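Close look at the chain arrangement
Listed below are the residues making up each chain.
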Amino acid sequence: MIVQRREAWTGRVFLVLLMVATIVPFVSLFVTALHQSGTYPAGLEWPSKPHWENFLTAFTAAHMGELLGSSVLIVLGVVPVSLLLATMAGFAVGHLKMAGRRPVFLMFVLGLTLPYESIITPLYYQIRDMGLLNTRWAIILPLIGLFMPFGVFWMRAHFVTMPGDVSEAAQIDGANTWQQFWRIHVPLAMPAISSLAILLFLWTWNQFLLAIVLVDDPTQRTMAGALGAFQGQWGTDIPLLCAGSLLVLTPTYVIFLIFQRRFVSALLQGSLKG
Amino acid sequence: MTGATLTPSTERAGVRPGAAKATRRAPRRGQRWIAWLFAAPAIAAYALFVLAPMVRTVQYSFYQWDGIGPSPWVGFGNYVRVFTDPELSGTIVHAFELIVFFSGIPVLLGLAIAATIRRIATSRLAAVARAVLFIPQVIPLVAAGIAWSWLLSSDGLVNQLLSAIGLKGVTRAWLGDLGTALPSVGVIGAWVLLGLCTLLLLSGMSKIDPALYEAARLDGAGPLREFFSITLPNLRQEIGVCVTVTVIAALASFDIIYIATQGGPGNTTMVPGLEIYYRAFVERQVGVASALAVVLVVLVLVCVLPIQRLTREES
């Protein structure tokens, strides 16, 4: 009994240490962001007079309002379409047992491991030839394709567990495949679809490589891509850069806190599947 | 894992209601066509924006091309350069060194931490921990890179702490020092991935039958024995996932390094992803960049496929 109590305590101590280590970089960012703009503050040191206006300055200097709008547009372009395509394909591979599903599925699974850097060069020329460079489409369209391996993998995993009886009952009532899909399978798949939506939102919002290569104008990029440009521009003004970084990471973290339960299970399952 | 196999009962889903028993085969063929229609948009998007570029990468890798002018065929010349030019082959070496940090630290430390906190996995503290430990997973890696660049700078917190405990002699600009830049970048990666690995391993441990632990305790096993005899063998799959995810993160790292060091000082932190970016878009050596890109894909597959096989076979 005594041994167990000691173990529980070491567990708590470990957990707290881990949390401290996770938070410290952000505490440092926050404290630094409150210093006089243009100075080099030393490590963790609370400023004599906190400059809260740095957040406002960074907000306007980085065109944060526009950035938020741009990121939302990109997410709205990527996520619903990806969900629809992945759900339909997952349904075909996992439930309709389409002919030749094995090679098709294997082709998608191989895409799970593909580093984005390995296709970014031809993607650049392809997007240029399509006349889409420097538009949000340059991020939206490739991301839909790049999300298909995971999306199809995820939705197939849901649909293979659906018993065939469900469709058979609908067939007896005269529903064709399209109707079965929309009236029965999509509603039943909502938990899987919404978890996938969370992951795709996150990966879109935080996408960096496609944003910096395919879009020059930071206000047409994702939040992460714009932060890269902001760093190039304000890299020497440490307090302002820190304030800007905090502003950029806040939206995703707030959304994470609101939907925490879903996020945690989606992230854990997501890595288990991927 | 929901890797359920096909069962005969679900195969029947393909039968249409109007089909007479005698002509069962025909409608099923129709159904198969419909299935392809459902899959077609996803296949098209994937083919257009992933498969086609991948084929073009392979194609580019055999030419010497500056992105604009003529492109002479050079055969495997670009590949020879990838392995003989120390600047290019060095990136691959760096990627493997990063695996030690990105993969080794999060998995080993994550195992130790998860095993220690297993007993309190359901307490309120654990709920708070989830909200905190997922921070690196939900924020842009770029933001993590900026936070750490500042932390590791010459005026940063790390040096401040070192000075405070009397180690002023070892303080330096960690990311700007030839000897410490790569390990420092590695530490950032370890920090990013540690929380995810810990929580993943914890959730795996929570699925282990508690009776096993009780039995071990009754037999007089200590925490160490318990860990090696019960926890570790039952976590095969989760460990496999952690290793897979972190190895890919190490080999394909880009965001953190782009922000923290841009490959410098010298080329000490240059990794394949960043090198591809520079060669293709700054130095206009599309052929060399593409050869490195193909090598990177092969490296990821060579590293990841055996891990998958090893951890799935006995489950």
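Small disclaimer: the values here were computed from a predicted structure and weren't measured.

The next thing to look at is the overall build of chain B. Along its length, chain B carries 15 helices and 0 strands. Excluding contacts between residues fewer than 6 apart, the proportion of contacts in chain B whose partners are at least 24 apart in sequence is 65%. Accessible area for chain B stands at about 14100 Å²; split by element, carbon and sulfur atoms hold 65% of it.

Across its full length, chain A holds 13 helices and 0 strands. Counting from the amino terminus, helix and strand elements in chain A follow one another as α-α-α-α-α-α-α-α-α-α-α-α-α. Reported as C-alpha extents along the three principal axes, the dimensions of chain A are approximately 75 × 70 × 30 Å. Within chain A, the fraction of its 274 residues that count as buried is 59%. Counted over contacts in chain A with a minimum sequence separation of 6, partners at least 24 positions apart contribute 73%. Per element, the accessible surface of chain A, about 10900 Å² overall, is 68% carbon and sulfur. When the 15 positive and 12 negative side-chain charges of chain A are each reduced to one mean point, those points stand 12 Å apart.

Okay, the UniProt feature "transmembrane region" (unreviewed entry) in chain A next. Under the local residue numbering, the UniProt record ascribes the feature "transmembrane region" (unreviewed entry) to residues 12-34, 72-93, 105-125, 137-155, 186-205 and 238-259 of chain A. Secondary structure across residues 105-125 of chain A comprises 76% helix and 0% strand; the distance between its end C-alpha atoms is 28 Å.

What the rule picks out here adds up to 39 aromatic pairs over all chains. Geometrically, the ring pair formed by A:F150 and A:W203 is edge-to-face, given 5.1 Å between the ring centres and 75 degrees between the ring planes. Placement of A:F150 in helix 6 (residues 137-159) and of A:W203 in helix 9 (residues 190-205) is noted, with a sequence separation of 53 residues between them. Residue classification places A:F150 among the buried residues on the basis of a relative accessible area of 8%. Aromatic pair A:F181 and A:W182: ring centres 5.3 Å apart, planes at 75 degrees, arrangement edge-to-face. Taking NZ or CZ as reference, A:R12 lies 5.3 Å from the ring centre of A:W9, over its face. Between B:R118 and the ring centre of B:Y213, over which it is positioned, the NZ or CZ distance is 3.6 Å.

On to the interface of chain A and chain B. Taken residue by residue, the interface counts 111 residues in chain A and 102 residues in chain B. Approximately 9500 Å² of surface area, both sides summed, lies buried where chain A meets chain B, with 73% of it carried by carbon and sulfur atoms. Scanning the region where chain A abuts chain B turns up 0 salt bridges. Where chain A packs against chain B, one counts 13 residue pairs in polar contact (both at pLDDT 80 or more).

A word on the confidence of the model for chain B. Residues and elements named next belong to chain B. On average, chain B scores 87 in pLDDT, and the residues at 70 or more come to 89%. Low pLDDT (under 50) marks residues 1-27, which in the prediction has 46 contacts with non-local residues, meaning those over four places away or in another chain. Predicted complex, confidence summary: ipTM 0.92, pTM 0.90.

Compared with the 22 Å implied by 1.5 Å per residue over 16 residues, the 22 Å span of helix 12 (residues 236-251) of chain B between its first and last C-alpha is a close match. Restricting attention to buried positions, one finds in helix 12 of chain B the residues B:E238, B:I239, B:G240, B:V241, B:C242, B:T244, B:T246, B:V247, B:I248, B:A250 and B:L251.

In this section: the environment of B:P306. Residues and elements named next belong to chain B. If you trace the backbone, P306 turns up in helix 15 (residues 286-312). Residue P306 is classed as partly exposed on the basis of its relative accessible area, which comes to 39%. With 97 residues separating them along the chain, P306 and D209 place their C-alpha atoms 28 Å apart.

A few words on empty space enclosed by the protein. Residue and element names in this part refer to chain B. Per the counting criterion, the structure on display carries 3 cavities of 30 Å³ or more. In this structure, the second largest cavity encloses a volume near 40 Å³. Around the second largest cavity sit Q237, G240, V241, Q308, T311 and R312, which together line it. Those elements that place two or more of their residues in the lining of the second largest cavity are helix 12 and helix 15. Of the residues in the lining of the second largest cavity, the class split is 1 nonpolar, 4 polar and 1 charged.

A word on the layout of surface pockets. The volume enclosed by the second largest pocket comes to roughly 420 Å³. In this structure, the second largest pocket is lined by 22 residues; those nearest its centre are A:A21, A:T22, B:W148, B:V187 and B:W191. At the level of elements, helix 1 (2-33) of chain A together with helix 4 (86-117), helix 7 (141-151), helix 8 (157-164) and helix 9 (181-205) of chain B are the ones that each hand at least two residues to the lining of the second largest pocket.

UniProt's feature table lists "transmembrane region" (unreviewed entry) at residues 33-55, 92-115, 127-151, 181-202, 239-260 and 286-307 of chain B, given in the numbering used throughout. Spanning residues 239-260 of chain B, this segment combines 86% helix with 0% strand, and its end C-alpha atoms are found 29 Å apart.

The subject of this paragraph is unusual backbone geometry. The peptide bond linking B:G264 to B:P265 adopts the cis configuration, its omega dihedral lying at -5 degrees. Tracing the chain through its elements places B:P265 in the loop between helix 13 (255-260) and helix 14 (272-281). Here the phi dihedral of A:H63 falls at roughly 50 degrees; this positive angle occurs in a residue that is not glycine. Counting through the fold element by element, A:H63 comes out in the loop between helix 2 (53-61) and helix 3 (64-94). Residue classification places A:H63 among the partly exposed positions, given a relative accessible area of 42%.

Scoring rules and cut-offs
- Residues numbered from 1 in each chain as written.
- Chains lettered and ligands numbered in written order.
- Predicted model: local features only at pLDDT ≥ 70, side-chain atom pairs only at ≥ 80, totals over all residues.
- Heavy atoms only, no water.
- Helix = DSSP H or I, 4+ residues; strand = E, 2+ residues; numbered from the N terminus.
- Contact = heavy atoms within 4.5 Å.
- Areas by Shrake-Rupley, 256 points an atom, 1.4 Å probe, with all protein chains shown as cover.
- Buried < 20%, exposed > 50% of the residue type's maximum accessible area, 1.4 Å probe, protein only.
- Lys, Arg positive; Asp, Glu negative; His and termini not counted.
- Charge placed at Lys NZ, Arg CZ, Asp CG, Glu CD.
- UniProt positions renumbered as here; feature names shortened; annotations may be inferred.
- Phe/Tyr/Trp six-rings, centres within 6.5 Å; stacked < 30°, edge-to-face > 60°.
- Lys NZ or Arg CZ within 6 Å of the ring centre and 35° of its normal.
- Buried area = accessible area lost by both parts, 1.4 Å probe.
- Salt bridge = Lys/Arg side-chain N within 4 Å of Asp/Glu carboxyl O.
- Polar contact = N/O pair within 3.5 Å; in protein donor to acceptor, adjacent residues only side chain to side chain.
- pLDDT = per-residue confidence, 0-100.
- Expected span 1.5 Å × (residues − 1).
- 1 Å grid on protein atoms, 1.4 Å probe; cavity = no way out; pocket = protein on both sides within 12 Å on 5 of 7 lines; lining within 4 Å.
- Points joined across faces, edges and corners; volume = space filled by probe spheres on them.
- Nonpolar A, V, L, I, M, F, W, Y, C, P; charged D, E, K, R; others polar.

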